Amino acid sequence: MSLPWPTHAGIWLAVALLCSPAVHADTPPPNCDIRKLELTPIQKAKLRFIRMEHKSAVDHWRSNQNQNAQRNQISQLLNRNEFDENHAKRYVFEKYQGRMQLEVDELRVQHAFLQVLNPQQRQEWLRNCLR
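Keep in mind the model is a prediction, meaning the values are calculated, not measured.

Considering the environment of G98
For step 1, the next point in the chain: Within the secondary structure layout, G98 lies in helix α4 (residues 85-116).
For step 2, the next point in the chain: Expressed as a C-alpha distance, the spacing of G98 and N64, which sit 34 residues apart in the sequence, is 9.1 Å.

Pasting the structure below:
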């Protein structure tokens, strides 16, 4: 998905993504409060725009998830007399292909978020929030 600047998610989503469990296995550091960056009104507006676009992309991805099709594929795989590893690999690849793109999009959001920050804010955020 190619996005014009500003891209995907906004202030609070950018914070959540940069400190999210998808990126970090443990909880965000206590210094990961975006308010400490003292963003300008322009920065806040850019981040709100990023948030709106990212939310739209996530909603689109979620709406394209077809639970019934996934259940049917699993049922076909498990009801065979012998396990078909190639079929299983195809299923897993198809299941996670969309999620992989969503993860790439989330990295794009993190990058866009950092581009909104001035050098000092970026340094502070990376020092305190990125592990």
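Moving on, there is more to tell.
A closer look at the pattern of salt bridges
For step 1, the next point in the chain: All chains considered together, the criterion is met by six salt bridges.
For step 2, the next point in the chain: Put simply, R80 and D84 hold a salt bridge, and the shortest N to O gap is 2.8 Å.
For step 3, the next point in the chain: Judged by its relative accessible area of 38%, R80 is partly exposed.
For step 4, the next point in the chain: Taking relative accessible area as the criterion, D84 reaches 22% and is therefore assigned partly exposed.

A short note on α4
Each α-helix turn comprises 3.6 residues. Residues three or four places apart therefore point the same way.
For step 1, the next point in the chain: Here α4 spans 46 Å end to end across 32 residues, near enough to the 46 Å set by a 1.5 Å rise per residue.
For step 2, the next point in the chain: Taking the largest bend as the criterion, α4 deviates by roughly 35°, centred on Y96.
For step 3, the next point in the chain: When we look at burial in α4, the residues that qualify are H87, A88, Y91, L102, D105, E106, V109, Q110, A112, F113, L114 and V116.
For step 4, the next point in the chain: With a side-chain oxygen lying 3.1 Å from the backbone nitrogen of N86, the N-terminal cap of α4 falls on D84.

Reading guide: rules and limits
- Residues numbered from 1 in each chain as written.
- Predicted model: local features only at pLDDT ≥ 70, side-chain atom pairs only at ≥ 80, totals over all residues.
- Heavy atoms only, no water.
- Helix = DSSP H or I, 4+ residues; strand = E, 2+ residues; numbered from the N terminus.
- Salt bridge = Lys/Arg side-chain N within 4 Å of Asp/Glu carboxyl O.
- Buried < 20%, exposed > 50% of the residue type's maximum accessible area, 1.4 Å probe, protein only.
- Expected span 1.5 Å × (residues − 1).
- Bend = angle between axes of the 7 residues up to and from the residue.
- Polar contact = N/O pair within 3.5 Å; in protein donor to acceptor, adjacent residues only side chain to side chain.

Honestly, it's all geometry; don't read function into it.
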